[in-house]
Amino acid sequence: MVAQQITARGICDSRLLAVMETVPRHRFVSQDELRWAHSDGPLPIGHGQTISQPYIVALMTDLLHLTGEENVLEVGTGCGYHAAVLSQMAMDVHTVEIIAALAEQATKTLADLGYDNIHVHLGDGSNGWLEAAPYDAIIVAAAAPQVPKPLLEQLADGGRMVLPVGSRGVQELEVWRREGAAFSHQANIPVAFVPLRGKYGWN
Ligand code: SAH
């Protein structure tokens with residue numbers, strides 16, 4: 001998976017590649033999807049949601065330029081796989097999921113696997129998670145119509161945020177950066193994510 005899908009597409013951060021080799025993706029998918037766990041695409045995780053393609057998980061993580069010291073926010077826990085990857089690249093991960101059953105299952109999987117620097121919260125992550133802000137890095141795993149304002153507010157000075165922004169069908173993966181009160185952003189690649197729900201998402 002790592003050699004053919006991730007390294008081959010140009011991701012070369014050796015720390016990230018080592019993490020992608022060790023986080024057991026097959027432990028996050030259901031029995032029915034097991035044989036596809038390392039395939040080159042997204043997979044259903046129930047409740048109409050999907051776990052992202054391995055390459056997209058790697059790319060989004062790479063774009064955050066994590067060093068190991070960061071407090072990270074993830075919006076959209078899903079099965080918890082991306083949170084596990086982030087937890088090995090940063091200091092702490094706060095991840096917010098809006099569907100209770102997914103939050104519960106992810107909490108259990110992450111505890112079973114011994115990840116102890118991930119905090120799963122149930123709620124509308126389009127509001128961010130104020131209790132643990134500010135965040136050095138924010139990742140949004142669902143497509144937003146525009147950048148949710150609370151997420152910009154909860155980004156630390158010098159922080160980076162990666163999120164898909166666009167229509168319900170297709171989006172651009174955007175990278176935002178905060179310098180004091182100023183925000184800059186650039187578009188990365190076209191992507192297709194499930195819609196972000198909640199106050200700053202799609203109703
Ligand atoms: N990162 C996940 C993939 C998540 S798919 C993984 O590794 O499995 C997107 C997730 O975002 C879904 O689980 C969906 O329920 C969740 N979601 C959508 N809108 C949300 C919101 N406003 N707040 C929190 N989670 C949300």
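Report on the accompanying structure. A quick note: this is a predicted structure, and the numbers were derived from the prediction, not measured. (Residues numbered from 1 in each chain as written. Predicted model: local features only at pLDDT ≥ 70, side-chain atom pairs only at ≥ 80, totals over all residues. Heavy atoms only, no water.)

## Some details on the overall build of the chain
Definition in use: Secondary structure elements are defined from DSSP: runs of H or I of at least 4 residues count as helices, runs of E of at least 2 residues count as strands, and each element is numbered from the N terminus. As a reference, a globule follows 2.2 Å times the number of residues to the power 0.38, and the radius of gyration itself is taken over C-alpha atoms. By the convention used here, residues are in contact when the closest approach between their heavy atoms is within 4.5 Å. In this description, accessible areas are obtained by the Shrake-Rupley approach with a 1.4 Å probe, and a residue is regarded as covered only by the protein chains that are shown.
Scanning the chain for helices and strands turns up six helices and nine strands. The C-alpha radius of gyration of the chain comes to 15 Å, within 12% of the 17 Å expected for a compact globule of 203 residues. For the chain, contacts bridging at least 24 residues in sequence account for 56% of all contacts bridging at least 6. With the model as given, the accessible surface of the chain reaches about 9300 Å², and the carbon-plus-sulfur share is 51%.

## Thoughts on the side chain of His 121
Filter applied, for reference: Residue exposure (1.4 Å probe, protein chains only): buried if accessible area is under 20% of the type maximum, exposed if over 50%, otherwise partly exposed. What qualifies as a polar contact is a pair of N or O atoms within 3.5 Å, subject to a donor-acceptor requirement within protein and to the restriction that residues adjacent in sequence count only when both atoms come from side chains.
Tracing the sequence through the fold places His 121 in strand E5 (residues 118-122). Here His 121 falls in the buried class, since its relative accessible area comes to 15%. Within the structure, the side chain of His 121 is placed 2.9 Å from the side chain of His 94, a separation counted as a polar contact. Beyond its immediate chain neighbours, meaning those up to four positions away, His 121 contacts His 94, Thr 95, Val 96, Glu 97 and Trp 129.

## Looking at the packing of aromatic side chains
What counts here: Stacked, edge-to-face and tilted are the three classes for Phe, Tyr and Trp ring pairs, Trp counted by its six-membered ring, which pair at centre distances within 6.5 Å; planes under 30 degrees apart are stacked, over 60 edge-to-face, the rest tilted. Counting as a charge over the ring demands two things of the Lys NZ or Arg CZ atom: a distance within 6 Å of the ring centre and an angle within 35 degrees of the ring normal.
Considering all chains together, one arrives at one aromatic pair under this definition. Arranged with centres 5.7 Å apart and planes meeting at 75°, the rings of Phe 28 and Tyr 81 form a pair that is edge-to-face. With Phe 28 in the loop between helix H2 (14-22) and strand E1 (43-46) and Tyr 81 in helix H4 (residues 81-87), the pair connects residues that are 53 residues apart, well separated along the chain. Side by side, Phe 28 and Tyr 81 carry an identical accessibility label, which is buried. In this arrangement the basic side chain of Arg 9 is found over the ring face of Tyr 55, its NZ or CZ atom lying 5.2 Å from the centre. In this structure, Arg 25 is placed above the aromatic ring of Tyr 81, and the distance from its NZ or CZ to the ring centre is 5.0 Å.

## Considerations on unusual backbone geometry
In the segment running from Ala 133 into Pro 134, the intervening peptide bond is cis, with an omega of 5°. Structurally, Pro 134 can be placed in the loop between E5 and strand E6 (135-140). For His 65, which is not glycine, the phi torsion reads 50° and is therefore positive. With respect to the helices and strands, the residue His 65 is situated in the loop between helix H3 (54-63) and strand E3 (71-75).

## Some details on the sheet that holds strand E9 (residues 182-191)
The condition that has to hold: When DSSP locates at least two bridges between a pair of strands, those strands are taken to pair. Note on method: axes are straight lines fitted to C-alpha atoms, helices fitted across the in-contact stretch only, with angles between N-to-C directions ranging 0 to 180 degrees.
Read from one edge to the other, the open sheet built from seven strands follows the order E5-E4-E3-E6-E7-E8-E9, with strand pairing classed as mixed. Single-partner strands in this sheet number two, and they are E5 and E9. Direction aside, neighbouring strands of the sheet carry axes that sit 15° apart on average. Across four bridges, the pairing between E3 and E6 is parallel. Counted as the bridge partner of Val 75 is Val 140 from E6. Lying on the sheet, H3 is in contact with E6, strand E7 (155-166), strand E8 (171-179) and E9; it crosses E9 at an angle near 160°. Together, strand E4 (92-97) and E5 form the strand contacts of helix H5 (residues 100-112), whose direction differs from that of E5 by roughly 165°.

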